[in-house]
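The chain contents come next:
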Amino acid sequence: MLHRLNELFGLLRDSAVAQERFLADAAHQLRTPLAGLQTQVELAAQSQLFHNDPERLVRIEQATERLRHLIRQLLLFARSEPATAAAQTFQKFALDRLVEDSANIFIDRALAKNIDLGYEISRVGIEGISWMLREALDNLIDNAIKYTPSGGVITVRCGNRDGHPFLSVEDSGPGIPLAERDKVFGRFYRISDTEAEGCGLGLAIVKEIAELHGVEIRLGDSELGGLAISLYFPSGGG
């Protein structure tokens, strides 16, 4: 019986690895035709092929951008799966520097939407895979910008709280209903009654990365009036 169980677990493990490899390979292969599509859209715009119907060109550009975002998220999701991430090495780094670098990248997007994006950081070190945690934070800020209306506020914080290094993203958007807070980390799940565009993988990626790092995720109400998503890291990060 024990031998059969070991065989079954081995088959399940191999199946999971094969699924992750397929997902990564498929997403990677899609990047080449997508690049060609983007080039053709740019040439069409330069040639004014849609001068009589500019809205159609806008819709094509938006659809292409959504596809590009989905492919990138699929690749990231595959890389953050436990079987793939197991080969990564945890290292010490400054969480406050990561927050500053990430938030600065989104300043222009926030300004374009008339959103006040800022950060309040204290010096704190943690252990982890820095590029993964950067992607997790990027997804949280990206989501906050998508769901926060024009004229809103987003604040990214990090430091020590309750004896743990923490990272939080708070916004003045509509928040997430209590009934949906346990569902938003599912793959391809999208919040109902929202006009924001997305592929529904952002928070699923955050969850995978958080679990890999032993991080606790807390969803709550922000003092800004919207949603607060906080990540609490194991103590003793350095």
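The residue numbers shown here count from 1 along each chain, following its written sequence. Totals for whole chains, interfaces and linings use every residue, but because this is a predicted model, local features are given only for residues with pLDDT of at least 70 and side-chain atom pairs only at 80 or more, for both listing and counting. In computing side-chain values, all of the structure's heavy atoms are included and hydrogens and water are not.

Peer 1: Mind laying out the packing of helix H6 (residues 130-147) against helix H7 (residues 202-212), listing which residues take part and the relevant values?
Peer 2: Interaxial distance between H6 and H7 falls to 9 Å at its minimum, and their mutual angle equals 145°. In the packing of H6 onto H7, the handedness of the crossing is left-handed. Judged by residue contacts, Met 132, Leu 133, Ala 136, Asn 139, Leu 140 and Asn 143 of H6 engage Gly 202, Leu 203, Ile 205, Val 206, Ile 209 and Leu 212 from H7. Throughout, an axis means a line fitted to C-alpha atoms (over the contacting stretch in the case of helices), and angles, computed between N-to-C directions, take values from 0 to 180 degrees. Only DSSP runs of H or I covering at least 4 residues are called helices, and only runs of E covering at least 2 are called strands; the numbering of each starts at the N terminus. Crossing handedness follows the turn of the near helix against the far one: under a right angle anticlockwise gives a left-handed crossing, and clockwise gives a right-handed one. Residues are treated as being in contact if the distance between any of their heavy atoms lies within 4.5 Å.

Peer 1: Tell me about H7, and please be specific about residues and values.
Peer 2: Of all 11 residues making up H7, 8 are buried, and the element is well covered by its neighbours. One or two residues past the end of H7 sits Gly 214, with phi positive at roughly 65°. Think of it in three bands: with a 1.4 Å probe and only protein chains considered, a residue is buried below 20% of the maximum accessible area for its type, exposed above 50%, and partly exposed in between.

Peer 1: So what about the pattern of salt bridges? Which residues, and what values?
Peer 2: The salt bridge criterion pairs a side-chain nitrogen of Lys or Arg with a carboxyl oxygen of Asp or Glu, the two atoms within 4 Å. Under the criterion given, the structure shown has 7 salt bridges. Note that Arg 109 and Asp 142 form a salt bridge whose closest N and O atoms lie 2.5 Å from each other. In this pair, Arg 109 sits in helix H5 (residues 107-112) while Asp 142 sits in helix H6, placing the two residues 33 residues apart along the sequence. Accessibility expressed as a relative area gives 36% for Arg 109, which makes it partly exposed. A single network of salt bridges, built from pairs that share partners, joins Arg 109, Asp 142 and Lys 146.

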